[in-house]
Each structure stands twice: as C-alpha cells, then as structure tokens.
Amino acid sequence: MNGIGGHDQAEEAESKQDSSDHADDGNEQEVIVIQDTGFTVKIQAPGIEPFDLQVSPQEMVQEIHQVLMDREDTCHRTCFSLQLDGNVLDNFAELKSIEGLQEGSLLKVVEEPYTVREARIHVRHIRDLLKSLDPSDAYNGVDCNSLSFLSVFTDGDLGDSGKRKKKGSELEQIDCTPPEHILPGSKERPLMPLQPQNKDWKPLQCLKVLTMSGWNPPPGNRKMHGDLMYLYVVTVEDRHVSITASTRGYYLNQSTTYTFNPKPANPSFLSHSLVELLIQISPAFKRNFTALQKKRVQRHPFERIATPFQVYSWTAPQMDHTMDCVRAEDAYTSRLGYEEHIPGQTREWNEELQTTRELPRKNLPERLLRERAIFKVHSDFAAAATRGAMAVIDGNVMAINPGEETRMQMFIWNNIFFSLGFDVRDHYRELGGDAAAHAAPTNDLNGVRAYSAVDVEGLYTLGTVVVDYRGYRVTAQSIIPGILEREQEQSVIYGSIDFGKTVVSHPKYLELLEKTSRPLKVQRHAVLNEKDVAVELYSSVECKGIIGNDSRHYILDLLRTFPPDLNFLPVEGEELSVESQKQGYPRQHRHRLACLRQELIEAFVEHRYLLFMKMAALQLMQQKANKDEHSAGKEADETIPGLAQAKELAETLAAEDGSDPKSREVVFNACKAVGSISNNSFDIRFNPDIFSPGVRFPEASAEDIRKQQQLLKDAAAFLVSCQIPSLRIGITELITRCAKHIFKTYLQGVELSALSAAVSHFLNCFLSSYPDAVAHLPADELVSRKKNRKRRNRVPGAGDNTAWANLTPSELWKSIGTEAHGYYHFTLQCESVDQAVEKYGLQKITLLREISVKAGIQILIKEYNFDSRHKPAFTEEDILNIFPVVKHVNPKASDAFHFFQSGQAKVQQGFLKEGCELINEALNLFNNVYGAMHVEICACLRLLARLNYIMGDHPEALSNQQKAVLMSERVLGIEHPNTIQEYMHLALYCFANGQLSTALKLLYRARYLMLLVCGEDHPEMALLDSNIGLVLHGVMEYDLSLRFLENALSINSKYHGPRSLKVALSHHLVARVYESKAEFRSALQHEKEGYTIYKNQVGEAHEKTKESSEYLKYLTQQAVALQRTMNEIYKNGSNASIVPLKFTAPSMASVLEQLNIINGIIFIPLSQKDLETLKVEVQRRQQLQDSGKSQAQQEGIALAPDDKLPVDD
C-alpha cells in the first residue's frame, strides 16, 4: 500500500554506499558495546507482589514505565515514578547511567499527584485498554492501528499451540477439506473470507459510556480544591455517575446532568486509578475488565504494537458507532498540533527534521541514535501532514490567500505548508499545464528521497509528503524559516525560478552539491543565463538553493533530479536508437516531466560497468597474446571474458596505479567506449538539463553536450530493449490506472454531501453488468442547489457539482479506452466490463480491489453481485470511507541494512555461522532504529526463520516466521503479495513441526488471498498448488492432492514451457500420487515425461535423470506385480494366492524433502560440531527475546536467493 510507499530501491542503492563507509572492523567492536547483556531488577508496585523484570543497560527508565503500563496487573497505572533507594529516577536516563542500579536492585512504583495533562493521559490510556480488542481503529485507519488475521488460522500463538497440539497430529483427526471456492477451477470469488470472524473481537462491554462531562473545565474555586476535570460514566448496570479527576486521584461527586455539585459523594471511593474506582462501583466492570486484560496480554505483541506509518483497509464490516470521549476530543482539538508532551504548543517540524539530521554520526551508537530520531520525526511528520492535507480538502483550514480562486489557494496548518497539484499562474504552461503540475510533486519527492539518502552534511531538504485525497493532490512541506516574509526571487541564490531563463549559482552550493553528484550520477555542467554568461551547476536548473533565516542551506524543487526519459520527449531534429524507433518511440506524453527512475539509472550504470570491464579485459588479453589489432572485432563476441576475469582485471589495474602506459591506454579506450566522463576511471554521470526547453549551453561545451545527449539516448534505448522486456504489466493494472485517472477528475466535481452516492455510481459504471446505472442524487441537495451557488467556492472543486451523475457505463469504458491509448499507447479491445473480463480473463473482484487501493476507497465487506443485469452492484451504503493515499520518504537504518546485506551474502556463499550472526545483528539494529514494526524487520525475520529451519531448529523457525507473517499483515496489508509468501513459508515450518492441519489452513488462506489479488492464472500459483498438493499427499488425500498438483503442472507448462525443469518436477510429484493410488499406468506416463525433460535438458549422467530413471524402473516393477495379482484373481477367483502389494502412504520425511525442493531450500552438509557452535551463538544473541531451543534435528544450510528486502512503490 502506498502508506508504506516511501520504500524505494532508489534509497537502497544509496544506503549501500552510505553504509559501506562504515563497514570497517571497528563495527564489530561497536556492536558488542551495543549488545551489553541484560540484567534483572525487582519491581514493587502498590497492591501486588514484587516481580522480576529483565532489562537492558541501553533502555531508558521510560521504557520500564511502558512495560508496566502494558502488564496485566499494573496496566491501570500511568501517573507514577520509579524510585531506587528513595531517589526518583529520571524518565529519560539510560539504565546504565544510574548509580547503584544493578542485578537484583529493587525499584519501587510510587503514585504521584496528577496534573491536567497526566489526568488526560490516564483517561486516554484507560480508553485504549477498554478498546484493546476492538478493531474499529484499524478499520478507520487511525493511530497506526492495522489488521491481522493470522491468529484465526493458528488458533492463537503457534508457540503454545505447538506444545498443545503435538498429541493431536494423528492423521484421522485432521479435516483437510478446502473451502469450495479455493479449489482449482472454481469461478467463485467471495469477499467475506478476506476478513474471517475473530472470536476475540466479540466485545466485552465494561462501560456503556465514558466521556468528558459538560461541566468542564472546573471553575476557579474548584481548581483551588484540586479539581482537574470531570468525567461522565454510565455503567453496564445503567448507573449514571459523575467523577472528579483531582490531583489526588478519582472520586465520585454529586453532580447530575443538569445540576453541578462537585462535593464528594458518600462514599466517594477516592482511588489513584480510575480503574480501581470503577471496579468498586460496577461489578460488571470488574468482571469484564479483568477478562479483557487477560485476553489482551495473551495476544501476540505484534498484533497490538502501532505501525510506523498508517495502513488503510479497503474493506470493513458495518461497525457500531459508539460514544468515545477521546475520539471526540481529538476531532475537535486537532490533537496533532498539540502533542501531549508539549500541550498548547505546535511542533516546529522543520526545526525537528533538520536538527535530527545534525546529530553526530561518528560511531555506531551515535548513528543509531541519529537514525532513530530521524525515523521517528519522519513518521510523526507524515502522520501530521496526512491529517492536515485531509483537513485542507475537507474545507476545514483557512487559506493564506483566501481572495484567490480555490485552485490557487495555499494553506498553513500546524507549521506545515500545503499546496494543490494544479498549474497556478501558468508556471507549468510549457511543460503540460495541470498534467505537469500533478506529476511534479512525485518527481520532487523522488528527488528529496534521493538527496536524503545521500545524506550530505550541511545540505538540507524539506520534509515532503504527497497526499492524494478525494481527487486532489496535496503537497505538504515543512517551512524554511523566513521564506514567507520575502519574495522567492530575493531568496533564491542558486538555480532558476523560471525554468532556466534566469539562472544563478553560489560557491557554497556547488561545494555541497559536488558531494552528491557521484552517488546521484549528476554531471557538473554550465548553462547560459539571460546575459549569455555561463553559470556552473551541479543539478538541474529547477533545483533552487535558499539560505533560511536559520543559516541552513536548503535545496527544493528537485523534480528534475534525474534526467528526462527521451522515449516520451520528442525533440525536433533528434532521432532515438533503432530499438526505440521500432517500438514507436518517441511518443508524445501529456507532460514534459517524464524522468528516468533512479533504479533505471543504477541498472544502466551497472550494465555499462560490466561492458567497461569486458572491453578492458579483452584489450589486455589481446595485448598479452600480441595479437593483430584487426582480429579484435571478429573475436570480440567469442572471447568476452566472464565477470571473474573482469574483477581480476580491476585489481590488476588498481595495483598498477596507472603507471603502465599500456594499461593506461586500455582504460582510456574503455572509458571512451562506454561514455565515462573521466579518461582514467569508470565514471558515468548525466546532465539533467539536456533537452530541457529554455535551457541554453555555452558554445565551448558543445562537444560534451553532444556526448551527454548520446548517453541519454543510450539510456532510453536500454530501458526499452533491456529493462522493460523483463517486466510484466498486467491488463488489470493498466485498466485500473486509467480508471483512477478518470476517477480523480470525476471526484473533484463532487460536493461532500454527495460523496458516497458519487463513488458508488462510479463503481457501478466501472464494474457492474447492469447497463443503466443511474445515480441517486441526495434529495436535500436538489432542494438547496440555488442557495449553494455562492458557497461553492469554499471547497477546491470545479464545474457543475451534479455533472458526475450523468456518467454512464459505456461512456466510462469509452473514456478508459481513450485514456489507455493516450497515456499508455495501448489499444483496449473492449467497450464494457463484461467484454474486458471475457477478452482478457480478468476478475471483477480484482479490479475492485485495485481501484479501491489506488483511489483510497473503503467498501463494506459483503458479497457483491457484479453480474446482475437487473440491479446495480453497489449502493451508497456500501461506500464506508475515502482514505488518503500517501507517499513519503522512508528513512533507512544504514548500518542495520549493511549488516543484513552482508549476512545475506554470507548465507548465499554457504557461510552459515557468519551469516546467521550478521542477520541477528541486523535485527537488533533494525529494532533499535525502527522500533518493533517495520517492513525491513520482516525480511530479517524471514531469513532468520529460514536459517533456523536449516539448522533443524523447527520451533525457532516457526516462532520467527510467525512474527514475520504478523508484521507483514500489519505493515503491508493482509492481502499484500509479500504477506501471501510469508503465509507459505510459515505453512512449511508448521508441516515440519508436525502441525499438519495448521499448515493446510495457512496454505488455503494463501491460495484464497492469491485468487483475490491476481486470480488463478499466475506463475506463482504453481508453487502454491505444489505445496498444497504435497501436504494433501502426506495426509493421504490423494484425489484432492491430484487436483492441486495437476493444476500446478498446467500453470508451469504455460509459463515456463513444456520442456522446463519445473515442469519435470511437477510431473514427478503427480506420478508419486498416482503411485500411492496404485494407478501405475498414469504414474509411469507422468514420470516418463519428467525423465524425457531431464534427459534433454541436463543429460543422462545428471543425478536428476538417474533418479528419474530409477523411479521409472520401480514403477514398472510395481505395475507388473499388480498386473500379475490381477491376472491371478481373474484366473483363480477367491482361491487365488495373492502376494501382498506395497500400498504405502508417503512418509512425512519424503513429503518434507519434496517441499524443501520446490521451495528452493538446498541442503549442504554441516558437521554436528559446527551446528552446535552456531546454535550456542544464536542463543547468546537472542537471549533477551528468546528462550527454549530444541536440539538440532537436521543438518544443512539454505541458499536463499529470494530473501531480498521487499520494495514497495
């Protein structure tokens, strides 16, 4: 989802470079400092027995506070101090800095007097405890709550169930029947199973109402008695009470709804905690609150912890709207502007964002502290900017230029500047008007992301978030100090404010930007200003440099950080390469801001580097052999050396230090051939101003400009001929993107009161077979249209507010066809949704999911009848919400990322011990920077689980993979493709642990999600079906097993070709099931197919071919034996002497072996001693989080080629 959107490979490349600076041996020592072993302290809280708590020296005192506020027996306390020998501990002190705090120390929990702030925090915390099992915050997309359904399929925590269910893994007790709708070939695509019923969510009602009293705030004389605020409560028993929050705690007062009497009631039950008071006045509260907390602490922590960025759900059930004092207060006080820790004061976002960048970064602990601070401020800023952008579009923020047309208005809220994605003042007129203005913010964000990742000291970018909401694009930016007091013309001291007509430069900016030019591949170049004077730049002309009142050097407008994509930029008199022309490029695009992505630049440079090395190696080889120069061309293709020789060459050249004239000449020639800007080393950079309209270059640099133009043409050709063929963009994606473009402008003309009617009408036109979809205009709008004429200007809308109602299905599909041709140059051969489904094999449910996720629509979860020709599929009641789609920078944990990559490399090279240590280290560092929840931690846990599995520690593999699944559901979404893969991995480890029915449930869930997301016709479905088929084979459900395995076989044949090794393996798996059914003829037929493929592809001597040949012999013997027996029976009837045939069920070990093969787990033998050493090391590393490991059961190591960090765009 786009909420995670900032996660880009662009940064990945940079963080590699960034972290490699620190990749010295010093890191190892630093890491050990970080990983000081923990110790145990005793905690004594009022009213309960003292208990032990494991802590780490790096923790702050505040973290112990958090633990106590989460524990079942102390969760109702918020206003307390921790004291050691009578001394109050500072909340923000690290434990290691506290004198006298050691193993076994006693910390006392001491109740402190309340303030208004503390009382509010207490009430908020109690409300959170009461709502802890209620998923409504996750459905409403607030407070970084999100959904998770894993526990529904594992019956709670797998760790517990593993021990509990061991006895129950007898085959008879397993129900293996999959739901009808997930069987291969089923056309039914229900929506309800997406969110299965979680029995824990049935509400345990503790109170009917807990809300702020209308008597707030206390009058002066009551303040002087210590009254802080008043609460109004209705208990489950229907008792209405008024409660005073005072400095000493909470008590009942004598006020009623209409009379104010703040005197204490009799008895008043003064309690320091609100929970203690409520327990005394309501037996139902006491009973249900206790049960609720028991359930709450039984849930896996990963189901409860907040995610760093908000994830939105596109479906939700009908929720009851209950009274909620905290939600109501948040809505009316815009709490975001007033964070609890600094009440009454908005946050200085720019100052916070820039100050965290200035933190020291000399060693690992400093870098961790800095990156943690940067990440925290960014996630807070993204949340604040999202809220502000929604408030702007909903019309709740006053513009700073209210007199201007709504499209041109700008806003400031909570120290964040908001602007709309329209072309105001014809700024983008020559670049494509509104289309360019809409594309510019995302290009700018990519630039901000790239410069932030390079992280040059002294160079600052603005906090930037791009929000799409209700058809509008809003850019939210932090504010440069002083920028609002002066005109932009006076402020800009580097770059151009008019796309290159006037240009200025500044030595300090050149110095700072020079440091970014190598990692970002930007070429230093000169452009002419209005006086025809050459001006030096290290960026595109649009990039502006402004020194703020805080003396910091800011760069902004980074929309052209990367060079233009010439495939979409026709330039008069310029021709593209033959490859590009063949495919119809260049094509006219609706704006002139099409840029090459950073990943493309990286791939192109990598491609050129390989070419450079090969050319240099070739020349060296020729020199060595003293061959005739002329033969080089002919032999080039045959003798191009491999990468290993190229690396060797690089070392040779480096060692010679360029002193040998021959190798100097070799490098010079290779540099020239690949377009390097240097003559003595490989260095490719782009000039982002090439072909920019309005930008002029000095005569002197004409030759360089020509080379730069050629390089850009080469990059455009590389994109078309090398990169794009390896991508597959589906028709579904194309259609839904076109629909999204149309939906964007459609929504802009809708006023708030008609929003649900308009969205349901659009979805009917898009997906329903009903031909005469008619919009239902809200009745009150029709009555009040005349009055509304004048007020229409308030929301940034345009055009007639009821024009949306005239849309028809045929008109919409015609527009989609036009958009597909105009934007993607693709001809759609369909004029209705049913034709699209028929022609391209699409699914309406997938189209619905895609458009909902892309456009931020939340719909009611129920079964929709898309195909009825008598009534539309959607009504306005089915549209529950419109969410923002958010793009932002996602700061990296560079050291952790470096450890993770090194660990991956070690594992792939077969160094299991070192790899495992590095991955564990990466996990600790990721946790240090990101907190417990993050997409990169998810990748870390997945790889750790795989390593545990290889080492034979199946319970540990299960535990880590369970965390990976929960985290993937929470931070990426319950049906994200990564989540589906995580479910598959978990199923494998469950099977290995003997939890067969759980393994099947998980695989069935994965298949359901995959059918929903992309349908059955997908190459990955073959792997999933092979997994399901194998497990079903293991539990002797042969007919079911065959349905899945034969489906996997046909999908593999379709996507990999009938002669592929995957198809051979599929044939073998099918043959094994037929053997178990004693249908030897079918088994032989399939195994022969497999054998033929192996023989043709890898030769007769290969191990696989031999195995297949042996199996064929065995099957033939079995078939002959069976035939003999049958003949004997036919001949002699009941007197026949029958030799018993072997109809054995497959052993679990053999099924597991096949599962490992299809999931790409390759075993390399390791000695028992190596395994034991490694396990001891892993236990030491994980002692703070983990306990109880089983003995190694299996030896080996995984080569895990697919465990890359997930990328979300």
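So, how was this worked out
- Residues numbered from 1 in each chain as written.
- Predicted model: local features only at pLDDT ≥ 70, side-chain atom pairs only at ≥ 80, totals over all residues.
- Heavy atoms only, no water.
- UniProt positions renumbered as here; feature names shortened; annotations may be inferred.
- Helix = DSSP H or I, 4+ residues; strand = E, 2+ residues; numbered from the N terminus.
- Buried < 20%, exposed > 50% of the residue type's maximum accessible area, 1.4 Å probe, protein only.
- Contact = heavy atoms within 4.5 Å.
- Areas by Shrake-Rupley, 256 points an atom, 1.4 Å probe, with all protein chains shown as cover.
- Phe/Tyr/Trp six-rings, centres within 6.5 Å; stacked < 30°, edge-to-face > 60°.
- Lys NZ or Arg CZ within 6 Å of the ring centre and 35° of its normal.
- Salt bridge = Lys/Arg side-chain N within 4 Å of Asp/Glu carboxyl O.
- Pairing = 2+ DSSP bridges.
- Expected span 1.5 Å × (residues − 1).
- Polar contact = N/O pair within 3.5 Å; in protein donor to acceptor, adjacent residues only side chain to side chain.

As annotated in an unreviewed UniProt entry, the protein carries the name Clustered mitochondria protein homolog and comes from Electrophorus electricus. Among the UniProt annotations of the protein, the heading Function (unreviewed entry) holds the following wording: "mRNA-binding protein involved in proper cytoplasmic distribution of mitochondria. Specifically binds mRNAs of nuclear-encoded mitochondrial proteins in the cytoplasm and regulates transport or translation of these transcripts close to mitochondria, playing a role in mitochondrial biogenesis." As stated in UniProt under Sequence similarities (unreviewed entry), the record for the protein gives "Belongs to the CLU family."

A. Up close: the overall build of the protein. Helix and strand counts for the protein come out as 43 helices and 23 strands. A buried classification covers 54% of the 1209 residues belonging to the protein. Across the protein, the fraction of contacts at a sequence separation of at least 24, relative to all contacts at a separation of at least 6, is 71%. For the protein, the accessible area works out to roughly 54,200 Å², and carbon and sulfur atoms hold 52% of it.

B. Molecular detail of the packing of aromatic side chains. Tallied over the full model, the rule gives 31 aromatic pairs. Geometrically, the ring pair formed by W349 and F381 is edge-to-face, given 5.7 Å between the ring centres and 65° between the ring planes. Taken together, the residues span a long stretch of sequence, with W349 in helix α13 (residues 349-357) and F381 in helix α14 (residues 364-393) at a distance of 32 residues. Pair check on accessibility: W349 and F381 agree, each one buried. Three or more aromatic residues joined by ring pairs form one cluster here, namely F309, F375, F900, F926 and Y930. Over the aromatic face of Y585 sits the side chain of R587, whose NZ or CZ is 4.4 Å from the ring centroid. Of note, K892 hangs over the ring of F897, and the distance from its end group to the ring centre comes to 5.0 Å.

C. Spotlight on the pattern of salt bridges. All told, the structure shown has 62 salt bridges when counted by the stated rule. Residues D70 and R304 are paired through a salt bridge, measuring 3.1 Å at the closest nitrogen-oxygen approach. Pair noted here: D70 is in helix α3 (residues 61-70) and R304 is in helix α11 (residues 301-304), with a separation of 234 residues, a long-range link. Taking the relative accessible area as the measure of exposure, D70 reaches 33% and is therefore partly exposed. We note a salt bridge from R127 to D137, for which the minimum N-O separation is 3.9 Å. Of the two residues, R127 sits in helix α4 (residues 116-130) while D137 sits in helix α5 (residues 136-140), which places them ten residues apart along the sequence. R127 gets classed as buried once you look at its relative accessible area, which sits at 8%. Put simply, E733, R737, R849, E850, K854 and E975 are held in one network by salt bridges that share partners.

D. Geometry of the sheet that holds strand β20 (residues 553-556). In spatial order, the strands read β13-β20-β19-β16; together these four strands make up an open sheet with mixed pairing. With partners counted over all chains shown, the strands left at the sheet margins are β13 (459-460) and β16 (492-494), one partner each. Relative to β20, β13 runs parallel, the two sharing two bridges. The residue bridging L459 from the neighbouring strand is H553, located in β20.

E. The arrangement of helix α39 (residues 1061-1076) in detail. The first and last C-alpha atoms of α39 sit 23 Å apart over 16 residues, in line with the 22 Å expected at 1.5 Å per residue. With 14 of 16 residues buried, α39 is to be regarded as a mostly interior element. One side-chain oxygen at the N-terminal end of α39 lies 3.1 Å from the backbone nitrogen of K1062; it belongs to S1060. Of the residues flanking the end of α39, it is A1078, one or two places downstream, whose phi is positive at about 65°.

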